[in-house]
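Summary of structural features
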Amino acid sequence: MAETSARPASSESGRTDGETATMNAVVYSAYGGPEVLELAEVERPTPADDELLIRVVAASVNAGDWHLVRGTPFLVRLLYRGYLRPRFRTPGVDIAGRVEAVGADVTAFESGDEVIADLSEHGFGGFAEYACVPETAAVSKPAAIPFEEAATLPTAAVAALQGLRDAGRLRAGERVLVNGASGGVGTFAVQIARSLGAEVTAVCSTAKVDVVRSIGADYVVDYTQEDVTTTGERYDLILDTAGSHSLRAYGRVLAPTGRYVMVGGPTRRFLSALIAGPVLSATGGRTFRGFMLKPDRDDLELVRDLLVSGEVRPVVDRQYRLQEVPEAIRYLESGGVTGKVVITSG
């Protein structure tokens, strides 16, 4: 994993020798809440031979960003080797922007191209005016897709696709329950499941019912009025992003060969799916598992194409400017977000 913010800039960035190009970026040096984040002037990165320098036009906020900032659960610190203090100074993984410069070995893109990129395996750094990323982690952005919508795709849409198609082994004609259907992953999951030919029941709160229905859910359950695990309905696949019930409770509404997949959600529930899931799966035809996104360029292209075709449309709740990233993360942490929160360069 390359820490792009640490690379020095070179003369190809459009300045005279001896000068250092700078940019604005959201940085932090100690774990904590959104208040530890600040906008600072830092050195602009320079692309390595296989990389693109991208002028970030829009980025989106994910739960992983605030976990990274807070350093919780402790597994986050172990995963990124930032045991006592953050290893990476700037969070943000989902970006859309224009290519500013390319490394010597880059063949797929050139300066001026519009792209979508995933920085999650490449040092983060999306909440900044510029970011570097290998060309293998970027895909072209069609002109018809606004930057603000394109930036919502790399984490939430790809996680929904992989959770349904790969972990959930979804087949056309099956019945799918999406729990947490109004969130970032959930809003994409409802639409992608429909595009794969499934019948979709979506679970959300009263305030989100109209939005979830508008994106194509066949049935909507308001969890404040009805407990979906006690309805007697049966589902071939449950994609759970909220973790609001126990695995055994979900098992009551799974078909005899049904699959339960948890994507994100509360840490305790997710760990339960990872640890207890295999045990429960061994006792009958039902399977239970926790799922983690694997960044994949082909899958990013696939969800981009679903957006172009109109089969999927991002739900953008609010937009914030770069200097307002702390407020954006605070809002995401509140749990009241419908769809995605986007950061713009304006």
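Rules behind the numbers
- Residues numbered from 1 in each chain as written.
- Predicted model: local features only at pLDDT ≥ 70, side-chain atom pairs only at ≥ 80, totals over all residues.
- Heavy atoms only, no water.
- Helix = DSSP H or I, 4+ residues; strand = E, 2+ residues; numbered from the N terminus.
- Rg over C-alpha atoms; globule rule 2.2 N^0.38 Å.
- Buried < 20%, exposed > 50% of the residue type's maximum accessible area, 1.4 Å probe, protein only.
- Contact = heavy atoms within 4.5 Å.
- Phe/Tyr/Trp six-rings, centres within 6.5 Å; stacked < 30°, edge-to-face > 60°.
- Lys NZ or Arg CZ within 6 Å of the ring centre and 35° of its normal.
- Salt bridge = Lys/Arg side-chain N within 4 Å of Asp/Glu carboxyl O.
- Core = buried A, V, L, I, M, F, W, Y, C linked by side-chain atoms within 4.5 Å.

The helix and strand inventory of the protein chain stands at ten helices and 15 strands. Relative to its length of 346 residues, the protein chain is compact, with a C-alpha radius of gyration of 20 Å against a globular reference of 20 Å. Referenced to the eigenvectors of the C-alpha coordinate spread, the extents of the protein chain come out at roughly 70 × 45 × 35 Å. Counting every position in the protein chain, which comprises 346 residues, the buried fraction comes to 55%. The contacts in the protein chain between residues at least 6 apart in sequence include a share of 68% that link residues at least 24 apart.

A word on the packing of aromatic side chains. Geometry of an aromatic ring pair is reported as the spacing of the ring centres plus the angle between the planes. All chains considered together, the criterion is met by five aromatic pairs. Aromatic side chains Tyr80 and Phe88 sit 6.4 Å apart centroid to centroid with 80 degrees between the ring planes, which places their arrangement in the edge-to-face category. For the pair shown, Tyr80 and Phe88 are each scored as buried. A connected cluster of aromatic rings, assembled from ring pairs, spans Tyr80, Phe88 and Phe124. Arg44 extends its terminal NZ or CZ atom over the ring of Tyr130, reaching a point 4.3 Å from the ring centre. The ring of Phe147 has Lys141 lying over it, and the distance from NZ or CZ to the ring centre is 4.3 Å.

The next thing to look at is the pattern of salt bridges. Applying the stated rule across the entire model yields 14 salt bridges. Arg165 is paired through a salt bridge with Asp166; the nearest N and O atoms lie 2.7 Å apart. Arg171 is the salt-bridge partner of Glu174, the closest N and O atoms lying 2.9 Å from each other. Relative accessible area serves as the criterion here: at 8%, Glu174 is assigned to the buried category. Residue classification places Arg171 among the partly exposed residues on the basis of a relative accessible area of 47%.

Now for the environment of Leu322. By the element assignment, Leu322 lies in the loop between β14 (316–321) and α10 (325–334). For the pair Leu322 and Ala59, spaced 263 residues apart in the sequence, the C-alpha separation amounts to 9.1 Å.

Because the α-helix completes a turn every 3.6 residues, residues three or four places apart line up on one side. Every buried residue of α10 is listed here: Val325, Pro326, Ala328, Ile329, Tyr331 and Leu332. Looking one or two residues beyond α10, the residue adopting positive phi is Gly335, at roughly 85 degrees.

The next subject is the environment of Val106. Within the fold, Val106 resides in the loop between β4 (94–102) and β5 (114–118). Between the alpha carbons of Val106 and Ala255 there is a distance of 49 Å; along the sequence they are 149 residues apart. Not counting the four nearest positions on each side in its chain, Val106 is found in contact with Asp49, Asp50, Glu51, Leu52 and Glu135.

So, on to the nonpolar core. Of all hydrophobic cores here, the largest spans 48 residues; its most connected members are Leu153, Leu164, Phe188, Val190, Ile192 and Val303. Broken down by element, the residue count for this core peaks at nine residues, all from helix α4 (residues 153–167). Every residue in contact with Ile192, bar those within four places of it in the chain, is listed here: Ala157, Ala160, Leu161, Leu164, Val303, Leu306 and Val312. Within the second largest apolar cluster, 38 residues are counted, among which are Ile54, Phe109, Ala117 and Phe127.

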